[in-house]
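Observations on the model geometry
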Amino acid sequence: MSNQDKINKLIDLRAEAKLGGGLKRIEKQHEQGKMTAHERIEMLLDDGSFEELDMFVTHRCHNFGLEKKKFMGDGVVTGYGTIDGRVVYVFAQDFTVWGGSLSETMALKICKVMDMAMKVGAPVIGINDSGGARIQEGVTSLAGYAEIFERNILASGVIPQISAIFGPCAGGAVYSPALTDFIMMTENTSYMFVTGPKVVKTVTGEVISIEDLGGADVHASKSGVAHFKAENEEEGLMLIRKLLSYLPQNNLEEPPAVECHDPIERMEDSLNELVPENPNLPYDIKDVIDLIVDDGEFLEVHRNYAKNIVTGFCRMDGLSVGVIANQPNYLAGVLDCAASKKAARFVRFCDAFNIPILTLVDVPGFLPGSGQEYAGIINEGAKLMFAFGEATVPKVTVTIRKSYGGAHDVMSCKQLRGDFNYAWPNAQIAVMGAKGAIEIIEGRKIAAIENEEEKAAYVEQKSKEYEEVFANPYQAAAYGYIDDVIEPRNTRFRIIRAFQNLQTKRLTNPMKKHSNIPL
Ligand code: HXC
């Protein structure tokens, strides 16, 4: 064979690998509104930056006649490239090859890019579109999954791991994405479940559709498994690019800083009027966020899940900041199990990857009732407290309005090592709200008043007295629990100056094998 023949063979083999399971199956993939693995990677990465690895890998299975059929690449496209010029490692399962099912060799390919990503300290993005374990391979496929899981676990907190679900992801296969930092799902074309509708029907008798059991809507709003939901794959891939722009390459680096064109001393007069004078009226905390962050840009994480707390990334003076904010517009911003869990995981991500934390507080307390107690609100609330309390990144807290009881302590208070704790003049920092407090401390006297009008007037008068003492930020400020009471319109500047000051913050936790967060 001449040199040229050898080169031609290489070109042919490359072209064959690109076709995955063949044109027919690619057509089917397109008909379903799905892209191929190569197309997805091309769209995700900077133009021309993709370096594919292991395209000549084929399976080693000799069961069920599989030895007669081999596809180059064996159902997954792997390699590295760049996003905004920064290196990322990627793998994309190729549904056109045996439904993207996971073989021993597919697992080896995925493990190789995960190991490389750990070696060079770069994020890993996995695009999932698979029918699960390759049935013909049996236990080698199971072992392959476990090899991936272990790498997910060891990489956690070292490099960012992002999962896109662009097709089926079922059975034990769900656990690799679940071990990563963020999951993105596409509407109508993706689903995740431990057991599918058929098994559910056999075991429990419940009849349910794929979409209702594990579609993007369900996981983005009910279970919280998905952090992001995209209308289509293109939107999902662009969102992943955006998400990465807020993150460092690994836990030893700082997040990238961008030039800030939004004046840091920008005053927002509307903030002085934004919170209603009646403390029982709601407002949208996202309006506050939009007005104080650089260019009003906020990438919300878990937008549709536990809406009573808002989490997401923004920039302040060009630096990445993670925001955790109670949302008075939804369930009055109360902390419940889902909100606590959502916020705790976000705080821990930020802390693991050196992203400073801004906490905006307007919380009436924890949601009372047997439903929450039975669901373990004690543990869930403790999770959030633990996350804030162990975090060593710069932490700035602004109390916008209510900050009551245990929820006050949980929401990044001074004693949980809040670095700068500010409050607006209409903040109310107290053990509990006026009415509840008066009913307890004046209960005997109230019960003794027979005339209903007199009773109401007494309660009203005592509540006012209580409010005068506690419904303000000055008692907390008098103890130094609040570092300063600030004018709302000046909030952006005060936060930025605090974070600038904290750039040299050094804080470490006591040496230990690991903590025992109340999971
Ligand atoms: C081998 C598979 C496969 C699998 C699909 N294929 N899943 N091959 N192992 N797990 C093949 C099909 O034979 C078919 O091959 C091609 O992929 C496309 O599949 P279709 O069924 O035609 O596609 P579609 O109608 O879109 O249905 C997709 C699907 C279905 C819903 C995912 O294929 C399906 O139910 N697959 C099985 C899912 C499953 O039970 N997996 C094992 C779970 S146990 P041809 O040659 O016709 O193109 C598991 C344990 C993991 O995963 C544990 C980890 C700890």
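These numbers come from a predicted model, not from an experiment. In this convention, every chain numbers its residues from 1, walking through the sequence in written order. This being a predicted model, a pLDDT of at least 70 is required before a residue's local features are given, and a value of 80 or more before pairs of side-chain atoms are given or counted; all residues contribute to the totals for chains, interfaces and linings. Side-chain measures here rest on the full set of heavy atoms in the structure, leaving out hydrogens and waters.

Centre-to-centre distance and the angle between the planes together describe a pair of aromatic rings. A pair of aromatic rings is counted whenever rings of Phe, Tyr or Trp (Trp by its six-membered ring) have centres within 6.5 Å, and the orientation is called stacked for planes under 30 degrees apart, edge-to-face for over 60 and tilted otherwise. Evaluated as defined, the whole model comprises 14 aromatic pairs. Between Tyr-80 and Tyr-89 the ring centres are 5.5 Å apart and the planes differ by 45°, which places this aromatic pair in the tilted class. To sort residues, take the accessible area from a 1.4 Å probe on protein chains only and compare it with the maximum for the residue type: under 20% means buried, over 50% means exposed, and anything in between is partly exposed. We classify Tyr-89 as buried; its relative accessible area is 5%. Here the aromatic rings of Phe-313 and Phe-346 are separated by 5.0 Å at their centres, their planes lie at 55°, and the arrangement is tilted. Note that Phe-313 is positioned in strand E11 (residues 309-316) and Phe-346 in helix H13 (residues 337-352), a separation of 33 residues in sequence. Starting at the N terminus, helices and strands are each numbered in turn, a helix being any DSSP run of H or I of at least four residues and a strand any DSSP run of E of at least two.

Here we come to the environment of Val-199. Structurally, Val-199 can be placed in helix H7 (residues 197-204). Taking relative accessible area as the criterion, Val-199 reaches 40% and is therefore assigned partly exposed. For the pair Val-199 and Ile-153, spaced 46 residues apart in sequence, the C-alpha separation works out to 29 Å.

Between N-to-C directions, angles cover 0 to 180 degrees, with each direction set by a line fitted to C-alpha atoms, over the stretch in contact for helices. Where helix H17 (residues 434-441) meets helix H19 (residues 452-470), the axes come as close as 9 Å, and the angle between the chain directions of the two elements is 115°. With respect to H19, the axis of H17 lies roughly perpendicular. Where H17 crosses over H19, the two elements pack in a sense that is right-handed. Facing H17, whose interface residues are Ala-434, Lys-435, Ala-437 and Ile-438, H19 presents Val-459, Lys-462, Ser-463, Tyr-466 and Glu-467. Comment on the angle field: the value is read as roughly parallel under 35 degrees, roughly antiparallel over 145, roughly perpendicular from 65 to 115, and oblique elsewhere. With the far helix as reference, a near helix turned anticlockwise by less than a right angle produces a left-handed crossing, and one turned clockwise produces a right-handed crossing. We call two residues in contact when some of their heavy atoms are within 4.5 Å.

This next bit is on the side chain of Asp-262. Note on placement: Asp-262 falls in the loop between helix H10 (233-245) and helix H11 (270-274). Accessibility expressed as a relative area gives 8% for Asp-262, which makes it buried. We define a polar contact as two N or O atoms separated by no more than 3.5 Å, with the added condition that, inside protein, one atom must be a possible hydrogen donor and the other a possible acceptor, whereas residues neighbouring each other in sequence contribute only through side-chain atom pairs. Engagement of the side chain of Asp-262 in a polar contact is seen with the backbone nitrogen of Asp-295, the distance being 2.7 Å.

Take the pairing of strand E13 (residues 357-363) next. In terms of burial, E13 is a largely internal element, 7 of the 7 residues being buried. Burial along E13 is two-sided: Ile-357, Thr-359, Val-361 and Val-363 and Leu-358, Leu-360 and Asp-362, pointing in opposite directions, are all buried. Each pair of strands is called paired provided DSSP finds at least two bridges between the two strands. Of the strand pairs in this sheet, strand E12 (residues 319-326) and E13 are connected by 4 bridges, and their pairing is parallel. Along E13, the bridge assignment pairs Val-323 with Leu-358. The handedness of the E12 to E13 crossover, carried by H13, is right-handed. Note on handedness: a crossover is taken as right-handed if, strands pointing away from the viewer, the path from the first strand over the helix to the second is clockwise.

Our next topic: the pattern of salt bridges. By salt bridge we mean one thing: a side-chain nitrogen of Lys or Arg within 4 Å of a carboxyl oxygen of Asp or Glu. The tally for this structure, following the rule as stated, stands at 29 salt bridges. Close ionic contact of Asp-74 with Arg-134 constitutes a salt bridge, the shortest N to O distance being 2.9 Å. Here the residue Asp-74 occupies a position in the loop between strand E1 (51-53) and strand E2 (76-83), and Arg-134 occupies one in the loop between strand E4 (124-128) and helix H5 (139-155), the gap between them amounting to 60 residues. Given a relative accessible area of 1%, Arg-134 falls into the buried group. A salt bridge links Asp-84 to Arg-241; the shortest N-O distance between them is 3.2 Å. Within this pair, whereas Asp-84 is found in the loop between E2 and strand E3 (86-93), its partner Arg-241 is found in helix H10, the two being separated by 157 residues in sequence. Of the residues examined, Asp-84 reaches a relative accessible area of 52% and is grouped as exposed. Its relative accessible area of 17% is what places Arg-241 among the buried residues.

As a further point, take the pairing of E2. Here E2 lies mainly inside the structure; 7 of its 8 residues are buried. Here E1 runs beside E2; their pairing, made up of 3 bridges, is antiparallel. Residue Glu-52 lies in a different strand from E2, and its bridge partner there is Gly-79. The loop that links E2 with its antiparallel partner E3 comprises 2 residues; one of these, Asp-84, has a positive phi angle of about 50°.

Attention now goes to the site of the ligand. Around the ligand, a shell composed of 18 residues is seen, among which Arg-25, Gly-99, Gly-131, Ala-133 and Ile-135 lie nearest. In the model, a nitrogen atom of the ligand is placed 3.5 Å from a nitrogen or oxygen of the Ser-101 side chain. In the model, a nitrogen atom of the ligand is placed 2.6 Å from a nitrogen or oxygen of the Gly-131 main chain. For accessible areas, the Shrake-Rupley method is used with a probe of radius 1.4 Å. Any residue's cover is judged against the shown protein chains and nothing else. Considering the ligand on its own, with 1,000 Å² of exposed area, one finds that the protein chains cover 57% of that surface. Mapped onto the shell around the ligand, the elements with two or more residues apiece are helix H2 (23-31) and H5. Looking at the shell around the ligand, the element that brings in the most residues is H5, giving 3 residues. In these notes, residues near a molecule or strand are those with any non-hydrogen atom within 4 Å of it.

Distances and angles like these do not, on their own, reveal function.
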